[in-house]
Amino acid sequence: MPQQEFSLYDLNRLLRRAVQASFPDRYWVRAELSEVRENASSGHCYLEFVEKSPSGQIVARAKGMIWASVYRMLKLYFERETGQRFTSGIKVLTEVSPDFHELYGYSLTVHDIDPSYTLGDMARHRAQILRRLQEDGVADMNKELEWPLLPRRIAVISSATAAGYGDFMNQLHRNRNGYRFYTSIFTAVMQGEQVEDSVIAALERIYDHAECFDGVVIIRGGGATSDLNCFDSYRLALHIAQFPLPVITGIGHDRDDTVIDAVANVRVKTPTAAAEWLIDRMERADGLFRQLRDSVVSSVKQRLESERQAVRDIVHGYKFLAGQVRQNEQIRLYRMRQTLRMCAVDYVEAARYRVRSLSKELPSLLKWVLAEKKPPLTRLSDTLNVQLSRRIGAELERLTLMERTIELVSPERLLEKGYTLTLKAGKVVRSAAEIEPGDILCTWLADGKIESKVIK
């Protein structure tokens, strides 16, 4: 039997019929898009589907296409639902019909797509990274860092030309309270495949000067949500989680969190919100300082009033004590004066009495002596009379002089002559060295006393 021969076209046509007969329905297929290419003239979209093993090796491949009329609707629907661009590198669940063309070979025609599958895959990817960070024990390291009370020195990672960077700087440096911030920009690519390496390089540059900063802000302006995939990076998240300075992320999105948002110390929605967070931190510190200031002022006022009252009490007690001492000294001086006067009078009277007694007894004694021994004592009697008369006169003069001297040196007589008696704290002042500025002195005169305060 001769072998049947086919042209390539005929064989491909048979294959096409076989495929159409064997796969007449549409099928939901899970795959990864390794290539997405839109024809600018026709509007058709050409795809390449791949499936990878757990080790990352491609185990299946197929071409695909979406007709222009279907592609316009599917693309808009997919990106609105997922916030993700319809581009290569994503996993999709699509409704396809298998086809075989004589010229183009085997391909899959896409009729519909399920965005929830892609969302789930993105969420699973983030969850895997976060779980890995938790297992490594680093997920919460940056969150545990404390911001300084006054976060003023800020390292900014951003594109220098990004609108978000301009908004951040304007909001921060033109704040309502006039707080001073010191910012340094470390430029980085904030969109595309270079984001991971670029941001890590910026972090490493900041690390070299970490002592110069209080914290780090990573910001980017608005853009497609699909651009956020670059921030779902294990390497980038690992660097942020272990960074020695607290990190704020404000990468311009509201709905979705990225992996770096989950490990950063603070996550805000926008660059402007990052600036507001720093300003609010300064306001809280300012309010705390005001409370401390008011508390200190109040405590000082209370202490001053307490000390003033204590001084008033001391002054009042001192005045009372000084009055008591002065009165006691006055009484003591009066008693001393009286005692001195009485003693002087008694002494003089006693001396006079002894002299009078002797003068009365002496003639009788002399007469007796003379009567016994008149001859030998005649001359002695005459001499003794003369000497006794002189002695009595001398003694009388000495007693009179002593009386006058006592009267002259009495405190009252001294005061009458213009002398004064100065007391300090009830004690007689004998030297200028005993006096200090501010001392209160009491000076006694003949007709009264003077209280004075030493100035110099």
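Only a predicted model underlies this, so the values are computations on that prediction, with no experimental measurement involved.

Colleague: Which parts of the structure should I look at to understand the environment of Ala-237?
Modeller: Mapped onto the fold, Ala-237 is located in helix H6 (residues 234-241). According to the relative accessible area criterion, Ala-237 is buried, its value standing at 0%. Residues Ala-237 and Pro-148 lie 89 residues apart in sequence; the distance between their C-alpha atoms is 23 Å.

Colleague: Sorry, what's going on with the sheet that holds strand E10 (residues 266-267) here?
Modeller: On the basis of which strands lie adjacent, the open sheet formed by five strands has the order E7-E6-E8-E9-E10 and parallel pairing. The outermost strands of the open sheet, each flanked by one partner alone, are strand E7 (182-187) and E10.

Colleague: Looking at this structure, I do not really get H6. What am I missing?
Modeller: Quick reminder: α-helices carry 3.6 residues per turn. Residues three or four places apart thus point the same way. Looking at H6, one finds that the buried residues are Tyr-234, Leu-236, Ala-237, Ile-240 and Ala-241. Buried residues of H6 fall within an arc of 160° about the axis and therefore sit on the same side.

Colleague: What should I look at first to understand the nonpolar core in this one?
Modeller: Generally speaking, a soluble globular protein has its nonpolar side chains buried in company with each other. Residues Leu-133, Ile-157, Val-199, Ile-206, Val-216 and Ile-218 are the most contacted members of the largest nonpolar core, which totals 34 residues. Mapped by element, the contributors of at least two residues to this core are helix H3 (115-135), strand E6 (153-158), helix H5 (195-207), strand E8 (215-219), H6 and helix H7 (259-263). Looking at this core element by element, the count peaks at six residues for H5. With 20 residues, the next largest nonpolar core counts Met-169, Tyr-179, Val-266 and Ile-279 among its residues.

Colleague: Honestly, a nonpolar patch on the surface in this entry has me stumped. Any pointers?
Modeller: A contiguous nonpolar patch, built from Leu-149, Leu-150, Leu-288, Phe-289 and Leu-292 and spanning about 400 Å² of accessible area, is present on the exposed surface. Overall, Leu-149 belongs to the partly exposed group, its relative accessible area being 43%.

Colleague: I would appreciate a short explanation of the sheet that holds strand E5 (residues 105-113) in the present structure.
Modeller: To summarise the sheet geometry, strands pair through backbone hydrogen bonds and adopt either a parallel or an antiparallel arrangement. Strand order in the closed barrel formed by five strands is E1-E2-E3-E5-E4, with mixed pairing between adjacent strands. For this sheet, the mean angle separating the axes of adjacent strands, direction not counted, is 55°. Of the pairings in the sheet, the one linking strand E1 (residues 27-38) to strand E4 (residues 91-101) comprises six bridges and is antiparallel in character. Of the residues in E4, the one forming a bridge with Val-29 is Thr-94. Helix H1 (residues 8-22) contacts E1 and E4 of the sheet and is inclined by roughly 130° relative to E4.

Colleague: Help me understand the packing of aromatic side chains, please; the structure alone is not making it clear to me.
Modeller: For any pair of aromatic rings, the description rests on two quantities: the centre-to-centre distance and the angle between the ring planes. By the definition in use, this model includes six aromatic pairs. Taking 5.5 Å as the distance between ring centres and 80° as the angle between the ring planes, the aromatic pair formed by Phe-78 and Phe-86 counts as edge-to-face. Residues Phe-78 and Phe-86 agree in their burial class; the two are buried. Each residue in the set Tyr-71, Phe-78 and Phe-86 is aromatic and connected to the rest through ring pairs, giving one cluster. It is Arg-132 that lies over the ring of Tyr-234; its NZ or CZ is 3.6 Å from the centre.

Colleague: What should I look at first to understand the confidence of the model for the protein in this one?
Modeller: Regions with low pLDDT should not have their predicted coordinates read in detail. Residues with a pLDDT of 70 or more make up 93% of the protein, whose mean pLDDT is 85. The element-level mean pLDDT for the protein is lowest in helix H9 (residues 411-416), coming to 73, with E6 highest at 95.

Colleague: Whenever I open this one, the pattern of salt bridges confuses me. Can you help?
Modeller: If you walk through the whole model with that rule in mind, you get 24 salt bridges. Here Glu-305 ties to Arg-308 by a salt bridge, and the two come within 3.7 Å at their closest N and O atoms. Of this pair, Glu-305 and Arg-308 are both found in helix H8 (residues 271-408), three residues apart, which corresponds to roughly one turn of the helix. Linking Glu-395 and Arg-398 is a salt bridge whose minimum nitrogen-to-oxygen distance equals 2.9 Å. Of this pair, Glu-395 and Arg-398 both sit in helix H8, separated by three residues, roughly a single helical turn. On the basis of relative accessibility, which here comes to 40%, the residue Arg-398 falls in the partly exposed class. A single network of salt bridges, built from pairs that share partners, joins Arg-176, Glu-276, Asp-280 and Glu-283.

Colleague: What exactly am I supposed to notice about the layout of surface pockets here?
Modeller: In this approach the atoms are scanned with a rolling probe the size of a water molecule, which exposes any empty space left behind. Considering only enclosed or pocket space, the second largest pocket measures out at about 520 Å³ in volume. Every residue lining the second largest pocket is counted, 20 residues in all, and those nearest its centre are Arg-337, Pro-411, Glu-412, Leu-415 and Leu-421. Contributions of two or more residues to the lining of the second largest pocket are made by H8, H9 and strand E13 (440-445). If one sorts the elements of the lining of the second largest pocket by residue count, H8 sits on top with seven residues. Residue composition of the lining of the second largest pocket, by class: 13 nonpolar, three polar and four charged.

Colleague: Looking at this structure, how should I read the packing of H5 against H6?
Modeller: Angle between the axes and distance between the axes are the two parameters that describe a pair of packed helices. Running from N to C, H5 and H6 point in directions that differ by 20°, and their axes come no closer than 9 Å. When the interaxial angle is binned, H5 and H6 end up roughly parallel. Both H5 and H6 take part in a crossing whose hand is left-handed. Taken together, the residues of H6 that come into contact with H5 (itself represented by Glu-196, Asp-197, Val-199, Ile-200, Leu-203 and Glu-204) are Arg-235, Leu-236, His-239 and Ile-240. Each residue belonging to the contact of H5 with H6 can be placed in one class, and the counts come to five nonpolar, one polar and four charged.

So, how was this worked out
Residues numbered from 1 in each chain as written. Predicted model: local features only at pLDDT ≥ 70, side-chain atom pairs only at ≥ 80, totals over all residues. Heavy atoms only, no water. Helix = DSSP H or I, 4+ residues; strand = E, 2+ residues; numbered from the N terminus. Buried < 20%, exposed > 50% of the residue type's maximum accessible area, 1.4 Å probe, protein only. Pairing = 2+ DSSP bridges. Arc of directions from axis to C-beta. Core = buried A, V, L, I, M, F, W, Y, C linked by side-chain atoms within 4.5 Å. Patch = residues over 30% accessible without salt bridge, like charges linked within 9 Å, V, L, I, M, F, W, Y side chains within 5 Å. Areas by Shrake-Rupley, 256 points an atom, 1.4 Å probe, with all protein chains shown as cover. Salt bridge = Lys/Arg side-chain N within 4 Å of Asp/Glu carboxyl O. Axes fitted to C-alpha atoms, helices over the stretch in contact; angles between N-to-C directions. Contact = heavy atoms within 4.5 Å. Phe/Tyr/Trp six-rings, centres within 6.5 Å; stacked < 30°, edge-to-face > 60°. Lys NZ or Arg CZ within 6 Å of the ring centre and 35° of its normal. pLDDT = per-residue confidence, 0-100. 1 Å grid on protein atoms, 1.4 Å probe; cavity = no way out; pocket = protein on both sides within 12 Å on 5 of 7 lines; lining within 4 Å. Points joined across faces, edges and corners; volume = space filled by probe spheres on them. Nonpolar A, V, L, I, M, F, W, Y, C, P; charged D, E, K, R; others polar. Parallel < 35°, antiparallel > 145°, perpendicular 65-115°, else oblique. Left-handed = near helix turned anticlockwise from the far one by under 90°.

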